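Each chain, letter by letter, is given below.
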Amino acid sequence: MEYASFKHPMLEWIFNKYNPAHDTSKTIIQFTLQDISDGYRALNIREPASISNTILDLTRQKRPISSRLPKSIYSLGYDLRKKTGKTGIFLPDGKEVNFAGEFVYVGVGNELSEWLDWDKDFDEVYHLNPSGVPPQILPFLRQDEGALFSVIDYCDIFSKILRNSPNSVLRVQNPLKWQPNEIDGFYHGRWNSGDVLYPVEAKALTTGDDINLVQMLGGIRTLSDNLAHFDIYVQPVAARMVQNGIHFAFFQKIKAGDYVTEMKVDKRICVIFNPVFECWL
C-alpha cells in the first residue's frame, strides 16, 4: 500500500493495536506518545527527533482527511484529533505517559471540522498606522510569529482594538510553556475594572496554518487550571498575520479556574495597515 505520509503506517499500526477487529462501535480510540514511538520502532521507521508534534503536524491545517490518515482508517469512518494531557500510566523509569491523539468515529464520508473559520464577516475593522515599528529594524523583520508579536507590541495594537488607554495591554511573555501545551503569546489588560489575561494562538504569513480549536482548547484548559488561584478573567485570542494586516478572533471570557468545554468566538476584528506595511506583502 502507498501512503501519503511516513506517519500513516505508524498510525495504522496504532489503530490496529487498539481496534484489531475494526469495530466502529468504538467511537473514540485514544493513544499516547509512547504508542507513536512503539509504532515507529515496530515498523522499522526512523523515529523523528521529536514526536510531540506528530499529531499537531497532521492537524495544524484544514486539509482533506486523506492528509491526516491512511485510507485503511478513514474508510472505516474515523478521523484524527490531537489530544494532550497525562494518562496516569507510568513507565518503568517512573515517567508518566502523555496522550498524543485520538481516532474519532465520524461516519464514512464525514470528517471533523475543528478549525477556526476566518471567512465570516468582521465585527470591527481598524486602519492603523504601522509607524510604531522602528525603521532601523524593518530590514530584519520577517513574516513569522515572532515578527507578528513585535508589530503588535510596537504598534500597541491590543490597546487600540480593545479601546483601552494607550499601552494598557502589556505583554507578559511570549511564548508561555505549560506542559503539555505552549501558548504563543500572553498579555495582561483591564476589563470592567478588573484584570484580564489574553493568551494568544498565533499563525504566521509564511506557514498558512489554520487555528485548530481543539489544540487551542487544550491550552486554555491548562492555563485556566494553573491560574485557578487568581481572581482574574481569561480571554483567548487567535491572531493571524495576513498581507498588510492582522486578523483577530476574540473568544468568550472565562474566570480563571473554570473548565472550558468549547471555544466560542465573541468578536472578530480586522486590522489593516495604512500606509501599507511593506514587510508583510
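What counts and how
- Residues numbered from 1 in each chain as written.
- Predicted model: local features only at pLDDT ≥ 70, side-chain atom pairs only at ≥ 80, totals over all residues.
- Heavy atoms only, no water.
- Helix = DSSP H or I, 4+ residues; strand = E, 2+ residues; numbered from the N terminus.
- Buried < 20%, exposed > 50% of the residue type's maximum accessible area, 1.4 Å probe, protein only.
- Contact = heavy atoms within 4.5 Å.
- Core = buried A, V, L, I, M, F, W, Y, C linked by side-chain atoms within 4.5 Å.
- Salt bridge = Lys/Arg side-chain N within 4 Å of Asp/Glu carboxyl O.
- Phe/Tyr/Trp six-rings, centres within 6.5 Å; stacked < 30°, edge-to-face > 60°.
- Lys NZ or Arg CZ within 6 Å of the ring centre and 35° of its normal.

## So, unusual backbone geometry
The peptide bond linking Asn174 to Pro175 adopts the cis configuration, its omega dihedral lying at -5°. Within the secondary structure, Pro175 sits in the loop between β6 (170-173) and β7 (176-178). Cis geometry marks the peptide bond from Asn274 to Pro275; its omega dihedral reads 10°. Tracing the sequence through the fold places Pro275 in the segment after β15 (265-273). A positive phi angle, near 60°, is found at Asn244, a position not held by glycine. Along the chain, the position of Asn244 falls in the loop between β12 (237-242) and β13 (245-251). Relative accessible area serves as the criterion here: at 12%, Asn244 is assigned to the buried category.

## Focus: helix α6 (residues 145-154)
Looking at α6, one finds that the buried residues are Ala147, Leu148, Phe149, Val151 and Ile152. Packed against the buried residues of α6 are α7 (157-161), β9 (185-191), β10 (194-203), β12, β13 and β15. A positive phi of about 55° marks Asp156, the residue just after α6.

## A short note on the nonpolar core
If you look at the biggest cluster of nonpolar residues, it comprises 31 residues, and the most contacted ones within it are Ile157, Phe158, Ile161, Ile246 and Phe248. Within the residue set of this core, elements represented by two or more residues are β5 (124-128), α6, α7, β10, β12, β13 and β15. For this core, the leading source of residues is α6, giving five residues. With sequence-adjacent residues up to four places away left out, Phe248 is seen in contact with Trp118, Ile152, Ile157, Phe158, Ile161, Val237, Ala238, Ala239, Lys267, Arg268, Ile269 and Val271. Counting 22 residues, the second largest nonpolar core, distinct from the first, contains Phe186, Ile211, Ile220 and Met263.

## Considerations on the pattern of salt bridges
Tallying each qualifying case throughout the model produces 17 salt bridges. Asp38 is paired through a salt bridge with Arg41; the nearest N and O atoms lie 2.8 Å apart. Residue Asp38 and its partner Arg41 are located together in helix α2 (residues 33-42), separated by three residues, close to a single helical turn. For Asp38, a relative accessible area of 23% translates into the label partly exposed. Between Arg81 and Glu102 there is a salt bridge, with its nearest N and O atoms 3.0 Å apart. Remark: Glu102 occurs in strand β4 (residues 96-105) and Arg81 occurs in strand β2 (residues 78-82); sequence separation between them is 21 residues.

## Details of the packing of aromatic side chains
Taken as a whole, this structure holds 16 aromatic pairs when the rule is applied. Ring centres of Phe15 and Phe103 lie 5.3 Å apart, and the angle between their planes is 85°; this geometry places the pair in the edge-to-face category. Taken together, the positions of Phe15 in helix α1 (residues 7-18) and Phe103 in strand β4 put the pair 88 residues apart, joining distant regions of the chain. Given a relative accessible area of 0%, Phe103 falls into the buried group. Here a set of aromatic residues connected by ring pairs shows up, and it is made of Phe149, Phe158, Tyr187, Tyr198, Phe248 and Phe250. Sitting over the ring of Phe99, Lys83 keeps its end group 4.8 Å from the ring centre.

Remember that the coordinates give geometry; whether it matters functionally is a separate question.
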